[in-house]
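# Notes for the structure review
Now for the letters of each chain:
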Amino acid sequence: MKNRVEVERVLEQAIRNSEAYKDVGKLADYIPELANVEPDNFGIALVDVDGEIIVKGDDEIVFSIQSISKVIDLIMALEDVGREEVFSKVGMEPTEYKFNSIRPISDKAANPLINAGAISTCSLIRGSSTQEKFDRVIEKIGSLSNSEDVRFLEHIFLSEMETTDINRSISYYLKSIGIIDNDAEEVLELYVRNCSIGLNVKQLAHIAAVLANGGRSLDGKEQLVDKEVVKITLALMAACGMYEESGQYLVEVGFPSKSGVGGAIIGIVPGKCGICTYSPRLDRSGNSVRGLKVLEEISKTLNLNIFI
Ligand code: GLN
């Protein structure tokens, strides 16, 4: 990173400016365990495509990745069964409805980055049992984050499984219209398990950096995700990654991103870097309030918008 000192300064300034929003937003307490996280935690990591990293704040805190797992679900479905099969089961269009809405489904879910779409892609991940499929997801996240410490936050998983009537309904509905071929309960379990994977901002920023690097490992030695799969994934993240705020976000921040109700956002600046913010207070769409502010400022100050 040529301008490391400058990037550090910009991150620090963006964090300071975002302090005005420290108390704005609320935790995702519809998953009871998520009401117990420390609301004031804040962390950010930026990893460039050469693997150089800058971290600020709470960079060791492990949180559930929630909807960021939808990016991995999509990548694995595309790698396992191919583009044609995936998009026969899920659409490519943004939606104005909430991430867990059952409404946008007519013949298939609007896109893979809302719950109905991710439940559909989870049903395409290969493996002879839910455990084997989940092990493959953990392994994939391990290779993309260049880390062996990929956790499963069982208390979050159990808490969501007890309360997730809406996702259960979506899963059975998708089964009834022929989108899901396998057992609806097993697909639901894999989806919620993937949401309950625990990572820190450094690991997620590393995954984002690999995607920014066209799917190549940051040491340049291995193609970890097929380039075509990366292209599709980033396009859909740009169009749909921030739910019903995706358009506004793309205008203000200007690079493919994905948020999760755990409070993290990952952003991918192709050819340059991956970024992850963590701050668990959310706006009405389920996006981290402080994360949005910080990403907007650093995008503008460091000229990271991909459209200009
Ligand atoms: N596990 C969460 C759910 O299904 C994920 C949603 C999210 O992060 N937006 O409701």
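All residue numbers refer to positions counted from 1 along the written sequence of the respective chain. In view of the model being predicted, local features appear only for residues whose pLDDT reaches at least 70, and side-chain atom pairs are presented and counted only at 80 or more, with totals across whole chains, interfaces and linings using the full set of residues. Only hydrogens and water are removed before side-chain values are computed, so all heavy atoms of the structure are retained for them.

### Quick notes on the nonpolar core
If you look at the biggest cluster of nonpolar residues, it comprises 67 residues, and the most contacted ones within it are Ile141 and Leu204. The element contributing the most residues to this core is helix H9 (residues 201–212), with nine residues. In what follows, residue pairs with any heavy atoms lying within 4.5 Å of each other are defined as contacts. If we skip the residues at most four places from it in the chain, Ile141 touches Ile65, Ile72, Val150, Ile197, Leu199 and Ile207. Each nonpolar core is a collection of buried residues, namely Ala, Val, Leu, Ile, Met, Phe, Trp, Tyr and Cys, held together in the definition by side-chain atoms within 4.5 Å. Summary of the burial criterion: residues with accessible area below 20% of their type's maximum are buried, those above 50% are exposed, and those between are partly exposed, where the area comes from a 1.4 Å probe applied to protein chains only. Ranked by size, the runner-up nonpolar core spans 23 residues in total, among them Cys273, Leu292, Val294 and Leu304. Numbering goes from the N terminus for both helices and strands, where a helix is a DSSP run of H or I of at least four residues and a strand is a run of E of at least two.

### Looking at the pattern of salt bridges
Salt bridges are identified by distance alone: a Lys or Arg side-chain nitrogen within 4 Å of an Asp or Glu carboxyl oxygen. Using the criterion set out here, one finds 21 salt bridges in the structure. Taking the shortest distance from any N to any O, the salt bridge between Arg4 and Glu52 comes out at 2.9 Å. Residue Arg4 is found in helix H1 (residues 4–18), and its partner Glu52 is found in the loop between strand S1 (43–48) and strand S2 (53–57); the two are separated by 48 residues along the sequence. The class of Glu52 is partly exposed, set by a relative accessible area of 27%. Its salt-bridge partner being Glu296, residue Lys300 comes within 3.1 Å of it at the nearest N-O pair. Taken as a pair, Lys300 and Glu296 lie in helix H12 (residues 289–301) at a separation of four residues, close to a single helical turn. Residue class for Lys300 comes out partly exposed when judged on its relative accessible area of 45%.

### What to know about unusual backbone geometry
Even without being glycine, Gln66 reaches a positive phi, approximately 45°. At Asn146, a position not held by glycine, the phi torsion is positive, near 50°. As for its position among the elements, Asn146 is in the loop between helix H5 (130–145) and strand S4 (151–152).

### Brief notes about the UniProt feature "binding site: substrate" (unreviewed entry) in the protein
In the numbering adopted here, UniProt assigns the feature "binding site: substrate" (unreviewed entry) to Ser67, Asn115, Glu160, Asn167, Tyr191, Tyr243 and Val261. Checked against the element boundaries, Asn115 lands in helix H4 (residues 115–122). Classification of Asn115 as buried rests on a relative accessible area of 2%. Ignoring sequence-local partners within four residues, the contact set of Asn115 consists of Ser67, Lys70, Phe99, Asn100, Asn167, Ile170 and Tyr191. The residue Val261 is located in the loop between strand S6 (257–259) and strand S7 (264–269) in this model. Beyond its immediate chain neighbours, meaning those up to four positions away, Val261 contacts Ala28, Tyr30, Ile31, Leu34, Gln66, Phe99, Leu282 and Gly286. UniProt positions are given in the numbering used here, feature names are shortened, and annotations may be inferred rather than shown by experiment.

### Things to note about the packing of H5 against H9
In helix packing, the relevant descriptors are the interaxial angle and the interaxial distance, both defined with respect to the helix axes. Structural elements are reduced to axes, namely lines fitted to C-alpha atoms, with helices fitted over the stretch in contact, and the angle between N-to-C directions of any two is expressed from 0 to 180 degrees. Closest axis-to-axis distance for the H5/H9 pair is 7 Å, and the angle between their directions is 80°. In terms of orientation, H5 lies roughly perpendicular with respect to H9. Touching Ile141, Leu144 and Ser145 of H5 are Gln203, His206, Ile207 and Val210, all from H9. Here the nonpolar group is Ala, Val, Leu, Ile, Met, Phe, Trp, Tyr, Cys and Pro; Asp, Glu, Lys and Arg are the charged ones; every other residue, Gly included, is treated as polar. When the residues that make up the contact of H5 with H9 are grouped by side-chain class, the tally is four nonpolar, three polar and no charged. Orientation labels follow simple angle bins: below 35 degrees gives roughly parallel, above 145 gives roughly antiparallel, 65 to 115 gives roughly perpendicular, and whatever is left gives oblique.

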